[in-house]
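# Observations on the three-dimensional arrangement
Chain by chain, the residues run as shown.
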Amino acid sequence: AESLDMKKAEFTLDSVRDSLIRQEDTIVFCLIERSKYPLNSPAYNQSYVSIPGFSGSSLVEYIVKQTETLQATAGRYENPEEHAFFPDNLPRSLVPPYNYSQVLHPAASSININKMIWDMYYNQLLPLFVAEGDDGNYASTASSDIDCLQALSRRIHYGKFVAEVKFRDAPHDYEPAIRAKDRDGLMKLLTFEKVEEMVRRRVEKKAMVFGQEVNLHNDNSKGKCKVDPSVVSRLYVEWVMPLTKLVEVEYLLRRLD
Ligand SMILES: C=C(O[C@@H]1C=C(C(=O)O)C=C[C@H]1O)C(=O)O
């Protein structure tokens, strides 16, 4: 119980923001890894998969479903920070339970916007940062896609924790807007434009630093980045931050249930 209390004591807006900052590294590295491969469109085509017993629409979907099935048995989705892309009919965890600190309202578990994240990733983001072409690495490409999707999903759904900590810091500000189901009012209360601008500039810089060619001369800056920093900045401004805030609003609307 003591360590649980210690964990709770660390649950502050600063600790939540530190986690988001660390997750930026993960997201940028995942994008860099995915960009090693060209688009490899057969991985996304229904015509390419005719796997016995699988009725889904692509090799990527096949690999994601199989991966989630395996990870569900290993307990991954017992963690309130994790969300499956295909949560229906997942097998139960086969490992001993871990006592995750229950900081969220129970209604949190009903929020899963992975469908939106999936569509955004394939339809909007992917074409912006991978080269056209086909090199046959379909399974590796699909594995890289899952890594990106899981990192983005974890970051965006972390909005639940952000919202909880903001609510606890100012319940009297949030309660009237929650009772009135005032989405715009909640959005205004939880938005910090200065923080968002810092996030945008930082992820752009991380893409520049992590994606540079490393050599033993001093001309690192000349090389081209593995992932265009402006694409990472755009990813955050157009999708990651708005979707995180959508999760925040959805969570707050249920916070007094
Ligand atoms: C996550 C937060 O809430 C909002 C969402 C942000 C984001 O997704 O990065 C940044 C600032 C806020 O507008 C926060 O305040 O840190």
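Reference entry: report on the structure contained in this document. (Residues numbered from 1 in each chain as written. Predicted model: local features only at pLDDT ≥ 70, side-chain atom pairs only at ≥ 80, totals over all residues. Heavy atoms only, no water.)

## Some details on the overall build of the protein
If you tally the helices and strands in the protein, you get ten helices and zero strands. In the protein, the succession of α and β elements from N to C terminus is α-α-α-α-α-α-α-α-α-α. Its C-alpha atoms give the protein a radius of gyration of 20 Å, within 12% of the compact-globule value 18 Å for 257 residues. Expressed as lengths along the three principal axes of its C-alpha atoms, the size of the protein is roughly 55 × 50 × 40 Å. Expressed as a percentage of its 257 residues, the buried residues of the protein come to 45%. Sequence separation of 24 or more characterises 77% of the internal contacts of the protein that already satisfy a separation of 6 or more. Counting only carbon and sulfur atoms, one obtains 52% of the accessible surface of the protein, whose full area is about 14200 Å². Here the protein contributes 32 positive and 37 negative side-chain charges, whose respective centroids are spaced 2 Å apart. (Helix = DSSP H or I, 4+ residues; strand = E, 2+ residues; numbered from the N terminus. Rg over C-alpha atoms; globule rule 2.2 N^0.38 Å. Buried < 20%, exposed > 50% of the residue type's maximum accessible area, 1.4 Å probe, protein only. Contact = heavy atoms within 4.5 Å. Areas by Shrake-Rupley, 256 points an atom, 1.4 Å probe, with all protein chains shown as cover. Lys, Arg positive; Asp, Glu negative; His and termini not counted. Charge placed at Lys NZ, Arg CZ, Asp CG, Glu CD.)

## A few points about the environment of Pro97
Structurally, the position occupied by Pro97 is in the loop between helix 3 (59–73) and helix 4 (114–129). With a relative accessible area of 80%, Pro97 lands in the exposed category. Note: C-alpha distance between Pro97 and Thr191 (94 residues apart in sequence) is 35 Å.

## Digging into the site of the ligand
Near the ligand there are 15 residues, and of these Arg17, Arg155, Lys166, Phe192 and Glu196 occur at the shortest range. Interatomic distance of 2.8 Å between a side-chain N/O atom of Arg155 and an oxygen atom of the ligand. One of the side-chain nitrogen or oxygen atoms of Glu248 is found 3.2 Å away from an oxygen atom of the ligand. Elements represented by at least two residues in the shell around the ligand include exactly helix 2 (13–34), helix 6 (159–169), helix 9 (193–210) and helix 10 (229–254). In terms of residue count, the dominant contributor to the shell around the ligand is helix 10 (four residues). A per-class count over the shell around the ligand returns seven nonpolar, two polar and six charged. (Near = heavy atom within 4 Å. Polar contact = N/O pair within 3.5 Å; in protein donor to acceptor, adjacent residues only side chain to side chain. Nonpolar A, V, L, I, M, F, W, Y, C, P; charged D, E, K, R; others polar.)

## Considering the nonpolar core
Counting 43 residues, the largest nonpolar core has Leu31, Ile117, Tyr121, Leu125, Phe129, Leu152 and Leu235 as the members making the most contacts within it. Contributions of two or more residues to this core are made by helix 2, helix 3, helix 4, helix 5 (138–157), helix 9 and helix 10. Sorting elements by how many residues they give to this core places helix 10 first, with nine residues. Excluding its chain neighbours within four sequence positions, the residues that come into contact with Leu125 are Leu31, Met120, Leu152, Val231, Leu235 and Trp239. (Core = buried A, V, L, I, M, F, W, Y, C linked by side-chain atoms within 4.5 Å.)

## Overview of the environment of Thr67
Counting through the fold element by element, Thr67 comes out in helix 3. Owing to a relative accessible area of 21%, Thr67 belongs among the partly exposed residues under this scheme. The sequence separation of Thr67 and Ala180 amounts to 113 residues, and the corresponding C-alpha distance is 41 Å. Polar side-chain contacts of Thr67 include one of 2.6 Å to the backbone oxygen of Ile63.

## Re helix 5
An ideal rise of 1.5 Å per residue puts 28 Å on 20 residues; helix 5 measures up with 28 Å between its terminal C-alpha atoms. Among the 20 residues that make up helix 5, 15 are buried, leaving the element largely enclosed by the rest of the structure. (Expected span 1.5 Å × (residues − 1).)

## Digging into the packing of aromatic side chains
Tallying each qualifying case throughout the model produces twelve aromatic pairs. Residues Tyr48 and Tyr138 carry aromatic rings whose centres are separated by 5.2 Å and whose planes lie at 75° to one another, so their mutual orientation is edge-to-face. Taken together, the residues span a long stretch of sequence, with Tyr48 in the loop between helix 2 and helix 3 and Tyr138 in helix 5 at a distance of 90 residues. Accessibility expressed as a relative area gives 42% for Tyr48, which makes it partly exposed. A residue is classified by how much of its surface remains accessible, and Tyr138, at 13% relative accessible area, is buried. Seen from their ring centres, Tyr121 and Tyr122 are 5.0 Å apart, and the 85° between their planes marks the pair as edge-to-face. Given the relative accessible area of 0%, Tyr121 is considered buried. Looking at Tyr122, the relative accessible area reads 15%, which means it is buried. (Phe/Tyr/Trp six-rings, centres within 6.5 Å; stacked < 30°, edge-to-face > 60°.)

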